[in-house]
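A look at the structure
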Amino acid sequence: MFDTGTEKFQEWDIPDKYATPYSASIQDAKGRAYVSSNMSERVYRVDTKTGEVASYQMPGNFDSKKITIDPSTARPVVWMANTRSARIVRVEPLD
């Protein structure tokens with residue numbers, strides 16, 4: 001992440017060995033960003049304040065090039081287009 005105010009970069013390590021982050025969302029209301037990985041069939045939630053990374057296994061072949069956060073909902077709702085199956089995926093983290 002590049003902070004334009006301080007002009008500094010910040011990085012977070014993904015815990016899975018063969019994960020290749022491709023796309024990231026903007027931060028949700030709690031300061032968390034979501035990252036897709038087209039090699040590990042996972043979506044990662046990165047808490048930009050604490051550095052904690054949560055991993056979500058996606059069903060089937062998953063490859064998303066675009067992630068969007070729905071700002072109109074009380075809880076974060078993450079929308080992704082799965083390019084391998086031509087489907088739209090909706091993820092609602094419960095915490």
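Residue numbers here run from 1 along each chain, matching the order of that chain's written sequence. Note on the predicted model: pLDDT of at least 70 is required for a residue's local features to be given, and 80 or more for side-chain atom pairs to be given and counted; whole-chain, interface and lining totals, by contrast, use all residues. Hydrogens and waters are ignored; side-chain quantities use all the structure's heavy atoms.

Time to look at the nonpolar core. Here, nonpolar core refers to any group of buried Ala, Val, Leu, Ile, Met, Phe, Trp, Tyr and Cys residues whose side-chain atoms link them within 4.5 Å. Burial status follows relative accessibility: with a 1.4 Å probe on protein chains alone, a residue under 20% of its type maximum counts as buried, one over 50% as exposed, and anything between as partly exposed. Among the nonpolar cores identified, the biggest contains 10 residues, and these are Tyr34, Val43, Met58, Phe62, Ile67, Ile69, Val78, Met80, Val89 and Val91. What makes two residues a contact is simply this: any of their non-hydrogen atoms within 4.5 Å. Setting aside residues up to four positions removed in sequence, Tyr34 forms contacts with Ser23, Ala24, Ser25, Asp28, Val43, Tyr44, Arg45, Ile67, Ile69, Pro76, Val78 and Pro93.

Right, let's get into the pairing of strand β5 (residues 42-47). The element β5 is extensively covered by neighbouring structure, given that 5 of its 6 residues are classed as buried. Strands pair, by our definition, only if DSSP identifies at least two bridges between them. In DSSP terms, a helix is any run of H or I states spanning at least four residues, a strand is any run of E spanning at least two, and both are numbered starting from the N terminus. Here strand β4 (residues 32-37) runs beside β5; their pairing, made up of 6 bridges, is antiparallel. The residue bridging Ser37 from the neighbouring strand is Arg42, located in β5. Linking two consecutive strands that pair antiparallel, namely β4 and β5, is a turn of 4 residues; a positive phi of about 60 degrees is found at Glu41 within it. Looking at chain direction, β5 and strand β6 (residues 53-57) are connected through 5 bridges and run antiparallel. Looking across to β6, one finds that Arg45 is bridged to Ala54.

Time to look at the sheet that holds strand β8 (residues 77-82). With respect to topology, 3 strands assemble into an open sheet ordered β7-β8-β9, the strand pairing being antiparallel. The open sheet has two free edges, formed respectively by β7 (64-70) and β9 (87-91), since each of these has just one partner strand. Shown here is a sheet whose adjacent strand axes are inclined to one another by a mean of 20 degrees, direction ignored. Sheet topology note: the β8/β9 ladder contains 5 bridges and is antiparallel. Bridge pairing links Val78 to Val91 in β9. Between N-to-C directions, angles cover 0 to 180 degrees, with each direction set by a line fitted to C-alpha atoms, over the stretch in contact for helices.

Turning next to the pattern of salt bridges. What makes a salt bridge here is a side-chain nitrogen of Lys or Arg within 4 Å of a carboxyl oxygen of Asp or Glu, nothing more. In this structure the tally under the stated criterion is 5 salt bridges. Note that Glu41 is salt-bridged to Arg84, the shortest N-O span being 2.8 Å. Taken as a pair, Glu41 in the loop between β4 and β5 and Arg84 in the loop between β8 and β9 lie far apart in primary sequence, 43 residues in all. You can call Glu41 buried: its relative accessible area is 16%. A salt bridge links Arg90 to Glu92, with the shortest nitrogen-to-oxygen separation between them at 3.0 Å.

Below, the discussion takes up unusual backbone geometry. Located in the positive-phi region is Glu7, a residue other than glycine, with phi close to 55 degrees. With respect to the secondary-structure elements, Glu7 resides in the loop between β1 (2-3) and β2 (8-9).

Next up on the list: the sheet that holds β4. The antiparallel open sheet is built from 4 strands, whose spatial order is β3-β4-β5-β6. Taken across any chain shown, the strands that pair with only one partner, and hence form the sheet edges, are β3 (21-24) and β6. Taken pair by pair, the neighbouring strands of this sheet meet at an average axis angle of 30 degrees, ignoring direction.

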